[in-house]
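Take a look at the letters that make up each chain.
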Amino acid sequence: MSCNATGAALTVEGLRWGPRSGLTLVNDIGFAIAAGSRLAILGPNGAGKTSLLRCLYRAVQPNAGRVSVDGVDLWSISAREAARTIAVVLQEMPGDFPFSVRDVVMMGRIPRREGLSGWNDFDRERVQHALAHLDLAHLAGRQFSTLSGGEKQRVLIARALAQEPRIIILDEPTNHLDIRHQLEILELLQTLKLTIVSTLHDINLAAEFATDVAILTAGRLTAFGPPEEVLSPSELSAAFGVTATVHNAAAGGARFSFSLPRQGSIS
Ligand SMILES: Nc1ncnc2c1ncn2[C@@H]1O[C@H](COP(=O)(O)OP(=O)(O)OP(=O)(O)O)[C@@H](O)[C@H]1O
């Protein structure tokens, strides 16, 4: 990753996807974010957040609608070109993965390799840079499978950076992380000039991290916009079926607490 790398604009129009006919998990979704934005996708379990992400990084082809990066339809370019543009950090981590940390980060360079050529000095330099950026240089020789959940997560983010993408898509990147590492990872992502799209379950973290927030409910986009507009008690209460209370809104740093509603208090 070059520290001077820039993000790309992402536009989603009329997006619909389901794994089989009669089952639609992503339903008529549309939004646009500018280059360098950080979009947090929120919503209850099973709302379709991961399914939407899969459409955004070209893991599945939409049944309708389109996803464009800087105005170019993601399905009009090759898979390799898409992989050079979009890096993905997923929740699932293979348990038995016989590679060193350096090898795993090097895998990020695969879409950038020419033909069957081996790694060159530039690839090695990019990997070293990504390792240093995530404070992983001291773990470079360690077997990936021996790392803690938080360390693995940092390695996967380093792999994404080594890819030199314009957009990074992350599925619950703060899972497995203690609060300090959660804040560190989100701060690191904030310092990049790339476009970031991430699902998050922690609404307070999302409020601090995101420039744009999307709320998904039952496969549909029910709210989209800047966090100060979208993250309201009424919107959150409706989406999650809880009672959301806002604190410190006047100080500019809204914080929410949540409780189960008393019967009849949520429509
Ligand atoms: N290939 C599939 N076939 C059938 N159902 C699926 C498939 N993929 C996902 N689902 C179902 O679709 C719904 C949405 O799944 P998805 O993983 O996108 O939700 P999510 O919002 O990411 O959930 P969570 O917050 O729990 O991770 C879930 O009920 C899930 O079980």
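Rules and cut-offs
- Residues numbered from 1 in each chain as written.
- Predicted model: local features only at pLDDT ≥ 70, side-chain atom pairs only at ≥ 80, totals over all residues.
- Heavy atoms only, no water.
- UniProt positions renumbered as here; feature names shortened; annotations may be inferred.
- Helix = DSSP H or I, 4+ residues; strand = E, 2+ residues; numbered from the N terminus.
- Contact = heavy atoms within 4.5 Å.
- Salt bridge = Lys/Arg side-chain N within 4 Å of Asp/Glu carboxyl O.
- Buried < 20%, exposed > 50% of the residue type's maximum accessible area, 1.4 Å probe, protein only.
- Pairing = 2+ DSSP bridges.
- Axes fitted to C-alpha atoms, helices over the stretch in contact; angles between N-to-C directions.
- 1 Å grid on protein atoms, 1.4 Å probe; cavity = no way out; pocket = protein on both sides within 12 Å on 5 of 7 lines; lining within 4 Å.
- Points joined across faces, edges and corners; volume = space filled by probe spheres on them.
- Core = buried A, V, L, I, M, F, W, Y, C linked by side-chain atoms within 4.5 Å.
- Domains from an automatic or database assignment.
- Near = heavy atom within 4 Å.
- Polar contact = N/O pair within 3.5 Å; in protein donor to acceptor, adjacent residues only side chain to side chain.
- Areas by Shrake-Rupley, 256 points an atom, 1.4 Å probe, with all protein chains shown as cover.
- Nonpolar A, V, L, I, M, F, W, Y, C, P; charged D, E, K, R; others polar.
- Expected span 1.5 Å × (residues − 1).
- Arc of directions from axis to C-beta.

The name recorded for the protein in an unreviewed UniProt entry is ABC transporter ATP-binding protein, from Ensifer adhaerens. The record in UniProt for the protein states the following under Sequence similarities (unreviewed entry): "Belongs to the ABC transporter superfamily."

Okay, the side chain of aspartate 123 next. In this structure, aspartate 123 sits in helix H4 (residues 121-133). Not counting residues within four places of it along the chain, the set of residues in contact with aspartate 123 comprises Met106, Arg109 and Gly118.

Turning next to the pattern of salt bridges. Opposite charge on two side chains lets them pair, provided their charged atoms get close. Counted by the stated rule, this structure contains 10 salt bridges. Taking the shortest distance from any N to any O, the salt bridge between arginine 66 and aspartate 73 comes out at 3.8 Å. Arginine 66 gets classed as partly exposed once you look at its relative accessible area, which sits at 34%. For glutamate 184, the salt bridge goes to arginine 180, with nearest N and O atoms at 2.9 Å. Note that glutamate 184 and arginine 180 are positioned in helix H6 (residues 179-191) at a spacing of 4 residues, about one turn of the helix. Accessibility expressed as a relative area gives 36% for glutamate 184, which makes it partly exposed.

Now for the sheet that holds strand S8 (residues 195-199). Read across the open sheet, the 6 strands follow the order S6-S7-S8-S3-S9-S10; overall the sheet is mixed. Single-partner strands in this sheet number two, and they are strand S6 (86-89) and strand S10 (220-225). Going from strand to strand, the sheet's axes swing by 15° on average, the running direction of each strand aside. In terms of strand pairing, strand S3 (residues 38-42) meets strand S9 (residues 212-217) through 4 bridges, oriented parallel. Bridge pairing in S9 links isoleucine 41 to alanine 214. Together, S3, S6, strand S7 (167-171), S8 and S9 form the strand contacts of helix H1 (residues 49-56), whose direction differs from that of S7 by roughly 155°. Against the sheet, helix H9 (residues 233-240) contacts S3, S9 and S10, and its axis sits at roughly 35° relative to S9.

Turning our attention to the layout of surface pockets. Roughly 200 Å³ of volume is contained in the largest pocket. Forming the walls of the largest pocket are Tyr57, Arg58, Ala79, Ala82, Ala83, Ile86, Ala87, Val88, Met107, Gly108, Arg159 and Gln163. If you list the elements that add at least two residues to the lining of the largest pocket, you get helix H2 (79-85) and S6.

Counting 51 residues, the largest nonpolar core has Leu42, Val105 and Ile168 as the members making the most contacts within it. Take this core: its biggest share by element is 7 residues, from helix H5 (residues 149-162). If you count residues domain by domain, this core takes at least three from each of domain 1 (10-226) and domain 2 (232-267). When neighbours within four sequence positions are excluded, isoleucine 168 is seen to be in contact with Ala87, Val89, Ala160, Leu161, Leu192, Leu194, Thr195, Ile196 and Val197. Val60, Val67, Leu74 and Ala214 belong to the second largest nonpolar core, which has 30 residues in total.

What follows concerns the environment of isoleucine 29. Along the chain, isoleucine 29 turns up in strand S2 (residues 26-33). Here isoleucine 29 falls in the buried class, since its relative accessible area comes to 0%. Measuring from C-alpha to C-alpha, the distance between isoleucine 29 and tryptophan 17 comes to 9.7 Å, with 12 residues separating the pair along the chain. Aside from chain neighbours lying at most four places away, what touches isoleucine 29 is Val12, Glu13, Gly14, Leu15, Leu52, Leu216, Gly219 and Leu221.

Next up on the list: H1. A large share of H1 lies buried, amounting to 6 of its 8 residues. Of the positions making up H1, those classed as buried are Lys49, Ser51, Leu52, Leu53, Cys55 and Leu56. Within two residues after H1, arginine 58 carries a phi angle of roughly 70°, on the positive side.

Okay, the site of the ligand next. Near the ligand, the surroundings consist of Pro19, Leu23, Leu25, Pro44, Asn45, Gly46, Ala47, Gly48, Lys49, Thr50, Ser51 and His201. Within the backbone of glycine 46, an N or O atom sits 2.8 Å from an oxygen atom of the ligand. A distance of 3.1 Å separates an oxygen atom of the ligand from a polar backbone atom of alanine 47. For the ligand, whose free accessible area comes to 640 Å², the fraction covered by protein is 57%. Partitioned by chemical class, the residues of the shell around the ligand number 5 nonpolar, 6 polar and 1 charged.

A few words on H6. In a regular helix each residue adds 1.5 Å, so 13 residues correspond to 18 Å; H6 covers 18 Å between its end C-alpha atoms and thus fits that length. For H6, every residue scored as buried is listed here: Gln182, Ile185, Leu186, Leu188 and Leu189. Buried residues of H6, viewed axially, fall in a sector of 155°; they line one side. In H6, those exposed residues whose orientation departs by more than 90 degrees from the buried face are Ile179, Arg180, Glu187 and Thr191. Check the buried side of H6 and you find it contacts S3, H4, H5, S7, S8 and helix H7 (203-209).

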